[in-house]
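Now for the letters of each chain:
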Amino acid sequence: MINNQRTPAVPNDLVEDLTTNYIASLTAVLKQLDSKKIKILVDALLTMKANNGTLYLCGNGGSAANAIHLANDFTFGISPEGNALKVEALPANSSVLTCLGNDIGYENIFAHQLKVKANSHDILLILSGSGNSENIIRATQQALDIGMKTVGILGFCGGKVKPMLDQVFHFEIQDMQISEDTQVIVGHILMKALYLELQND
C-alpha cells in the first residue's frame, strides 16, 4: 500500500508559532506610527498637487515593488475620476534602470532620473528597509539639491539616509519583511486619507 501523505518539512506548531509571532510583531511595530505625521504628509502632498508637482517613489527589491504598487494607488486609487496625484515610481522602467546602471553605475539609477525630471515643487518618497543603499542616499541628496521635500519610510535603525530626510516614518524592527509591510500600510493610509480630502476638492 502506497502512503500518499506528505510529511511536513516544518512541524505545524513551528509554523503556527511563526504566524502568531509575525502578527504580534507587525501589530507592535505599527503602534509606532504617529497619525499627526500622516496628516503633515497628506497636507504636503496636497500642496504639491496644487503646485502641479510630482511624487517620485523609489526603493530596491521588495521596496521597488512597493513603490510601483503605491504609484498605482496614488494615480487611480485616491480618485478614480482622475483628480489624483502626478506620480512616478523610479524603479518601474527596466530599460532606463539597465541603461543607467550599465553606463553610470547602479548607485545613480534614481538620482539621475531626478536630475532630469524633477523640480522643487516635487516630493521624493524613499522606501527602504536599511536606509543604507547608496542609490537611495544619492537620490535623497539629488532631491535636496533640487529643493524637493524628502520623505522616507524606514526600518531597522534608519540607516545613513534617516538624518538627510525632511520627514521620516521610522519603524524600529530588525525584520525586512515587516519593514516592507509598513511601507504598504503607510501608503494605503495615505491613499485613503487623500481620497477623503479630494472628495471635497
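Residues numbered from 1 in each chain as written. Predicted model: local features only at pLDDT ≥ 70, side-chain atom pairs only at ≥ 80, totals over all residues. Heavy atoms only, no water.

A. Summary view of helix H4 (residues 94-104). The opening residue of H4 is Asn93, an N-cap whose side-chain oxygen sits 3.0 Å from the backbone nitrogen of Ser95. Taken from the residues just after H4, Gly105 is the one with a positive phi, measuring 105°. (Polar contact = N/O pair within 3.5 Å; in protein donor to acceptor, adjacent residues only side chain to side chain. Helix = DSSP H or I, 4+ residues; strand = E, 2+ residues; numbered from the N terminus.)

B. Inspection of the nonpolar core at higher detail. Membership of the largest hydrophobic core comes to 33 residues, with the highest contact counts inside it found for Leu45, Leu55, Leu57, Phe74, Ile78 and Leu85. Beyond its immediate stretch of four places on either side in the chain, Leu57 contacts Ala67, Leu70, Ala71, Phe74, Val87, Glu88, Ala89, Leu90, Pro91 and Leu125. Of all hydrophobic cores here, the second largest spans 21 residues; its members include Leu114, Leu154, Met164 and Val168. (Core = buried A, V, L, I, M, F, W, Y, C linked by side-chain atoms within 4.5 Å. Buried < 20%, exposed > 50% of the residue type's maximum accessible area, 1.4 Å probe, protein only. Contact = heavy atoms within 4.5 Å.)

C. How the structure looks around the packing of helix H2 (residues 35-50) against helix H7 (residues 176-199). Running from N to C, H2 and H7 point in directions that differ by 60°, and their axes come no closer than 10 Å. In terms of their interaxial angle, H2 and H7 are classed as oblique. The element H2 and its partner H7 pack so that their crossing is right-handed. Counted together, Ile38, Lys39, Leu41, Val42, Leu45, Leu46 and Lys49 of H2 and Val186, Ile189, Leu190, Ala193, Leu194, Glu197 and Leu198 of H7 form the full contact between these two elements. Among the residues making up the contact of H2 with H7, the classes are represented as 11 nonpolar, no polar and 3 charged. (Axes fitted to C-alpha atoms, helices over the stretch in contact; angles between N-to-C directions. Parallel < 35°, antiparallel > 145°, perpendicular 65-115°, else oblique. Left-handed = near helix turned anticlockwise from the far one by under 90°. Nonpolar A, V, L, I, M, F, W, Y, C, P; charged D, E, K, R; others polar.)

D. The arrangement of the sheet that holds strand S5 (residues 167-170) in detail. Sheet architecture is open: 5 strands sit in the order S2-S1-S3-S4-S5, paired in parallel fashion. In this open sheet, the two strands that pair with only one neighbour each are strand S2 (86-89) and S5. The sheet shows a mean angle of 15° between the axes of neighbouring strands, taken without regard to direction. As defined by bridge partners, strand S1 (residues 54-58) adjoins strand S3 (residues 123-128) across 4 bridges and the pair is classed as parallel. Paired with Tyr56 across the bridge in S3 is Leu124. Each of S1, S2, S3, strand S4 (149-154) and S5 is contacted by H2, which is oriented at about 135° to S5, the strand it contacts most. (Pairing = 2+ DSSP bridges.)

E. Highlighting the state of the cysteines. Scanning all chains against the criterion turns up 0 disulfides. Looking at Cys58, it has no disulfide partner, and the nearest cysteine sulfur is the one in Cys99, 18 Å off. By relative accessible area, Cys99 is classed as partly exposed at 39%. (Disulfide = S-S within 2.5 Å.)

F. Local environment of the pattern of salt bridges. Enumeration over the complete set of coordinates arrives at 4 salt bridges. Its salt-bridge partner being Lys39, residue Glu197 comes within 3.3 Å of it at the nearest N-O pair. Of this pair, Glu197 sits in helix H7 while Lys39 sits in helix H2, and the two are 158 residues apart along the sequence. Given a relative accessible area of 35%, Glu197 falls into the partly exposed group. Glu134 is the partner of Arg138 in a salt bridge, and the nearest nitrogen-oxygen pair spans 3.0 Å. One end of the pair is Arg138 and the other is Glu134, both in helix H6 (residues 134-146) and 4 residues apart, which spans about a single turn. Linked by salt bridges that have partners in common, Lys39, Asp43 and Glu197 make up one network. (Salt bridge = Lys/Arg side-chain N within 4 Å of Asp/Glu carboxyl O.)

G. Layout of the pairing of S2. Going residue by residue along S2, you find Val87 and Ala89 tucked away on one face and Lys86 and Glu88 left uncovered on the opposite face. In terms of strand pairing, S1 meets S2 through 4 bridges, oriented parallel. When the bridges of S2 are listed, Thr54 appears paired with Lys86. Regarding topology, helix H3 (residues 62-77) serves as the crossover connection from S1 to the parallel S2, and that connection is right-handed. (Right-handed = clockwise from strand over helix to strand, strands pointing away.)

H. Representation of the side chain of Ser128. Mapped onto the elements of the fold, Ser128 is located in strand S3. Of the polar contacts made by the side chain of Ser128, one reaches the backbone nitrogen of Gly131; its length is 2.8 Å. Apart from the residues lying within four places of it in its own chain, the contact partners of Ser128 are Ser63, Ile153, Leu154, Gly155 and Gln183.

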